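Coordinate analysis (summary)
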Amino acid sequence: MQGTVDGFSYGLVTPVAAYLMACLGGALGLRCTTRSLRHRDTFKAGWLALGATSIGTGIWTMHFIAMMGFSVHQAPISYDRPLTFASLGVAVVMVGIGIFIVGYRGATPLTLVTGGTITGLGIATMHYLGMAGMRFQGRIDYDTLTVALSVVIAVVAATTALWAAVSVHGFPASLGASLVMGLAVSGMHYTAMAAVNVHLHGTPAPGAGDTATSLLLPMLVGPAVFLLLAAVVVMFDPLLVMGDPDWQRPASPGPHRPGVPAPRRAPAYGEPANWSARPPSGRGARKGAHRGGHRSQDW
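Residues numbered from 1 in each chain as written. Predicted model: local features only at pLDDT ≥ 70, side-chain atom pairs only at ≥ 80, totals over all residues. Heavy atoms only, no water.

Let's shift gears to the nonpolar core. Met-67, Phe-70 and Met-134 are the most contacted members of the largest nonpolar core, which totals 57 residues. Examining the composition of this core, we find that twelve residues originate from one element, helix H2 (residues 42-67), more than from any other. Phe-70 has contacts with Val-5, Asp-6, Gly-7, Ser-9, Ile-77, Met-134, Met-193 and Val-196, leaving out every residue within four places of it along the chain. Residues Leu-30, Ala-164, Ala-165 and Ala-177 belong to the second largest nonpolar core, which totals five residues. (Core = buried A, V, L, I, M, F, W, Y, C linked by side-chain atoms within 4.5 Å. Buried < 20%, exposed > 50% of the residue type's maximum accessible area, 1.4 Å probe, protein only. Helix = DSSP H or I, 4+ residues; strand = E, 2+ residues; numbered from the N terminus. Contact = heavy atoms within 4.5 Å.)

Right, let's talk about the confidence of the model for the protein chain for a bit. Looking at the protein chain as a whole, its pLDDT mean stands at 76, while 71% of the residues score no less than 70. Here helix H9 (residues 283-291) stands out as the element of the protein chain with the lowest mean pLDDT, 48, in contrast to helix H4 (residues 109-132), whose mean of 92 is the highest. When the criterion is pLDDT under 50, residues 240-254 qualifies, and its contacts beyond four places in sequence or with other chains add up to 19 contacts. Segment residues 256-260 is flagged for pLDDT under 50; beyond a separation of four residues in sequence, or across chains, it makes two contacts in the model. (pLDDT = per-residue confidence, 0-100.)

As a further point, take empty space enclosed by the protein. Inspection of every chain in the model, using the stated rule, returns one cavity of 30 Å³ or more. Forming the walls of the largest cavity are 15 residues, and the residues nearest its centre are Ile-55, Ala-158, Ala-161, Leu-162 and Met-181. For the lining of the largest cavity, the elements supplying multiple residues, two or more each, are helix H1 (13-36), helix H3 (81-105), H4, helix H5 (144-167) and helix H6 (171-194). Counting residues per element, the lining of the largest cavity draws most heavily on H5, which supplies five residues. Here the residues of the lining of the largest cavity are counted per class, giving twelve nonpolar, three polar and no charged. (1 Å grid on protein atoms, 1.4 Å probe; cavity = no way out; pocket = protein on both sides within 12 Å on 5 of 7 lines; lining within 4 Å. Points joined across faces, edges and corners; volume = space filled by probe spheres on them. Nonpolar A, V, L, I, M, F, W, Y, C, P; charged D, E, K, R; others polar.)

The next thing to look at is the packing of H1 against H5. Between H1 and H5, the least distance of the axes is 8 Å, while the angle of their chain directions is 45°. Judged on the interaxial angle alone, H5 and H1 are oblique. Taken as a pair, H1 and H5 cross one another with a handedness that is right-handed. For the pair H1 and H5, the contacting residues are Leu-30, Thr-33 and Thr-34 in the first and Ala-161, Ala-164 and Ala-165 in the second. Here the contact of H1 with H5 is composed, by residue class, of four nonpolar, two polar and no charged. (Axes fitted to C-alpha atoms, helices over the stretch in contact; angles between N-to-C directions. Parallel < 35°, antiparallel > 145°, perpendicular 65-115°, else oblique. Left-handed = near helix turned anticlockwise from the far one by under 90°.)

Moving on, we get to the side chain of Thr-146. Tracing the backbone through its elements, the reader meets Thr-146 in helix H5. Those residues within four positions of Thr-146 in sequence are excluded, and the remaining contacts are Thr-191, Ala-194 and Ala-195.

Glancing now at the pairing of strand S6 (residues 196-200). When a strand is regular, its side chains alternate between the sheet's two faces. Burial along S6 is one-sided: the face carrying Val-196, Val-198 and Leu-200 is buried and the face carrying Asn-197 and His-199 is not. Pairing of strand S5 (residues 138-142) with S6 involves five bridges; the strand directions are antiparallel. Bridge pairing in S6 places Tyr-142 opposite Val-196. (Pairing = 2+ DSSP bridges.)

Each aromatic ring pair is characterised by the separation of its centres together with the angle its planes make. Enumeration over the complete set of coordinates arrives at six aromatic pairs. Taking the centre distance of 6.1 Å and the plane angle of 20° together, the rings of Trp-60 and Phe-85 count as stacked. Taken as a pair, Trp-60 in helix H2 and Phe-85 in helix H3 lie far apart in primary sequence, 25 residues in all. Residue class for Phe-85 comes out partly exposed when judged on its relative accessible area of 38%. On the numbers, 5.4 Å between centres and 85° between planes, the contact of Tyr-128 with Tyr-142 is edge-to-face. Within this pair, whereas Tyr-128 is found in helix H4, its partner Tyr-142 is found in strand S5, the two being separated by 14 residues in sequence. (Phe/Tyr/Trp six-rings, centres within 6.5 Å; stacked < 30°, edge-to-face > 60°.)

This is the structure:
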């Protein structure tokens with residue numbers, strides 16, 4: 001028996017909410033990846049891990065918010081919790097592999113294609129593993145060409161996101177990139193859902209059992225809280241939000257003129273100040289002022 005599928009049971013509420021969660025995860029991931037490029041120590045891995053977890057969690061949350069609006073009219077739907085959370089783990093791990101490749105190997109064409117392919121396949125795997133966790137009296141068949149198209153969209157979206165993470169600087173540009181990324185991920189999801197064909201076994205009574213919202217909503221609380229906490233971390237790091245201020249950027253070196261002191265560079269964000277460069281004070285400073293013709297002008 002062919003099942004009647006409705007992907008928008010709550011109208012535009014679930015697609016819009018899912019899109020916003022994808023944008024939030026993408027924005028956090030892009031800014032964390034950009035921040036990691038400014039580190040050459042152990043903090044680099046921490047920022048990359050936070051970025052990967054943010055993107056993976058945002059995509060997973062987007063998927064299951066969208067699935068709240070998915071229903072089969074003739075059969076109630078439930079979800080297998082181990083498979084549902086396994087899809088979250090797959091998303092975070094495979095997105096992390098792609099981000100770490102680009103973060104440590106640079107934004108070369110080879111690393112972008114490799115990292116984007118792994119990340120895109122992780123997004124697609126997360127989607128179809130989450131679909132495998134659905135439980136109802138029937139089975140799901142997929143249209144092969146539409147599934148292939150959804151995987152291509154996921155790979156292209158992931159590659160573009162990785163390129164933006166290492167190439168786009170500044171908060172407004174990153175915000176625009178995250179909006180495009182959210183649109184691409186949401187497009188991949190609904191393209192994949194267009195490939196679904198439901199075949200029912202028997203004629204189960206409609207409305208029996210728990211609704212998808214009552215089953216999925218408690219599972220979404222933890223990932224949603226994580227994204228909010230990650231957003232707090234991002235907002236409390238001014239360099240992560242606004243980028244390098246103009247006064248912290250090293251000035252272009254110019255020709256040094258004899259008798260003119262070289263300009264001093266302000267310490268970069270997180271760089272310890274050079275306390276040895278403090279001007280002398282007291283008797284030593286006065287002696288130096290009398291002995292050197294222009295030492296007092298250095299300060």
